[in-house]
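Structural overview for review
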Amino acid sequence: MNVAVGSVTDLIFGRWKSQILYAGVALNVFDHLDLSDFKSGSDLAAELAVEPELLTRLLRSLAALGLLVENEERRFALSENGNLLRSNVDGSLRYMALLEEGPEHYAIWSHLVPMIRDGKQNAFVREYGQMAFEYAHTNADYGSVFRRAMSSFSTIQSALALEALRPYDFTKFHKICDVAGGQGHLACSLLQANPHLTGTVLDLPEVVADTNGHWAPRMGLSNRCDYVSGNMFEDVPDADAYFLKMILHDWNDDECVTILANLRRRVSNGGKVFIVEHVVPATSEPHFAKLYDIHMMCWGSGKERTEGEYRMLLERAGWSMAASYYPESRLMGVVEGTAV
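Treat the numbers as computed from the prediction; the structure is a model and nothing was measured.

Scanning the protein chain for helices and strands turns up 17 helices and ten strands. Compactness check: the protein chain gives a C-alpha radius of gyration of 22 Å against a globular reference of 20 Å for 340 residues, within 12% of the reference. Counting all 340 residues of the protein chain, 49% fall into the buried class. The long-range share in the protein chain, meaning contacts at least 24 apart out of those at least 6 apart in sequence, stands at 65%.

In an α-helix, one turn spans 3.6 residues; hence positions three or four apart end up facing the same way. Between its terminal C-alpha atoms helix 16 (residues 288-299) stretches 16 Å, which fits the 16 Å expected from twelve residues at 1.5 Å a residue. Along helix 16, the positions that sit buried rather than exposed are Ala289, Tyr292, His295, Met296, Met297, Cys298 and Trp299. Here the buried face of helix 16 lies against helix 6 (94-100), helix 7 (103-108), helix 8 (112-118), helix 9 (123-128), helix 10 (132-138) and helix 11 (140-164).

Inspection of the secondary structure assignment puts Gly271 in the loop between helix 15 (253-266) and strand 8 (272-277). Residue classification places Gly271 among the buried residues on the basis of a relative accessible area of 6%. Gly271 sits 48 residues away from Trp319 along the chain, and the two C-alpha atoms are 9.3 Å apart. Once residues lying within four places of it in the same chain are set aside, the contact partners of Gly271 are Asp240, Trp319, Gly337, Thr338 and Ala339.

Phi at Arg74 takes a positive value of approximately 60°, unusual for a residue other than glycine. Inspection of the secondary structure assignment puts Arg74 in the loop between strand 2 (68-70) and strand 3 (75-78). Here Ala180, not a glycine, exhibits a phi torsion of approximately 50°, which is positive. With respect to the secondary-structure elements, Ala180 resides in the loop between strand 4 (175-179) and helix 12 (185-193). On the accessibility criterion, Ala180 (24% relative accessible area) is partly exposed.

Here we come to the pattern of salt bridges. The final tally for this structure, using the stated rule, is eleven salt bridges. Across the pair Arg126 and Asp118 runs a salt bridge, and its minimum N-O distance is 2.7 Å. Under the relative-accessibility criterion, Arg126 is labelled partly exposed at 31%. Of the charged contacts in the structure, one is a salt bridge between Arg266 and Asp238, with a shortest N-O distance of 3.2 Å. Residue Arg266 is found in helix 15, and its partner Asp238 is found in the loop between strand 6 (225-229) and strand 7 (241-245); the two are separated by 28 residues along the sequence. Within the structure, one salt-bridge network assembled from shared partners comprises Asp235, Asp238, Arg265 and Arg266.

Calculation notes
Residues numbered from 1 in each chain as written. Predicted model: local features only at pLDDT ≥ 70, side-chain atom pairs only at ≥ 80, totals over all residues. Heavy atoms only, no water. Helix = DSSP H or I, 4+ residues; strand = E, 2+ residues; numbered from the N terminus. Rg over C-alpha atoms; globule rule 2.2 N^0.38 Å. Buried < 20%, exposed > 50% of the residue type's maximum accessible area, 1.4 Å probe, protein only. Contact = heavy atoms within 4.5 Å. Expected span 1.5 Å × (residues − 1). Salt bridge = Lys/Arg side-chain N within 4 Å of Asp/Glu carboxyl O.

So this is what it looks like as structure tokens:
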């Protein structure tokens, strides 16, 4: 098999890999193994209350993907990669796997071709008759997985944002606001790195009411970080600088301008906004953002954008683009806007 055939074949059967991963997570395989203690398929099947032979075949396939280690006795332990799928590790990817390969997100991708044919995105509405955020509010199972996935992945995104902004001088600010900041991991990470700052996390009432997940008390920052109920499409708290992490990609251009204009109305001249997203490179190079963009086409009304597209949004809302910052991997970017 030549290289081209192998590459295309790998793409064709790529969903097999992600569904095998999903099955391992959904069956709780990774939480019942560790890095050093090898278990047989039969022993693990007894713990999980599943059929031993079929589980052993799944374990073998997970090992083939590098998520487990199989020894000569056909016993299994976690690999370093598989350890990231445990529920109790920092930066766990368990809930992201359950979200992205779960039934809802699997179903919306089936609408990709008809969406492109008729020029109307948002497969969530096509499949379920409502926006994804609305569905998460009314469907407890999806809502729980969605919130946990966003919370766990937020730790990775916050680390990338702080790496990108490491050389930035935050001494000019006193108060920051993490807009639609969920449990506040980015805000708290910024406060931890800049002891002179105070912060506000703005989100919807039902998000703010879920105090169990708030990062401020977990990071010892309750005296410097507060949580405020509100709607970014209506108004935001006063701040010297606003952060929008993985927010604007959820919305179309007009919706983004509304959000940015609300921030501009509350900040004084010279104030800042920092847009943290998977920024699409303007060149033809491969990049995760270009794939994520298709997911957003399926998931809602938004998109991943280039620096130039963020510049246009900022200018429409009364900001000017000041600079952009990237971590070494360039997986994510931070676009800085200045209020004019």
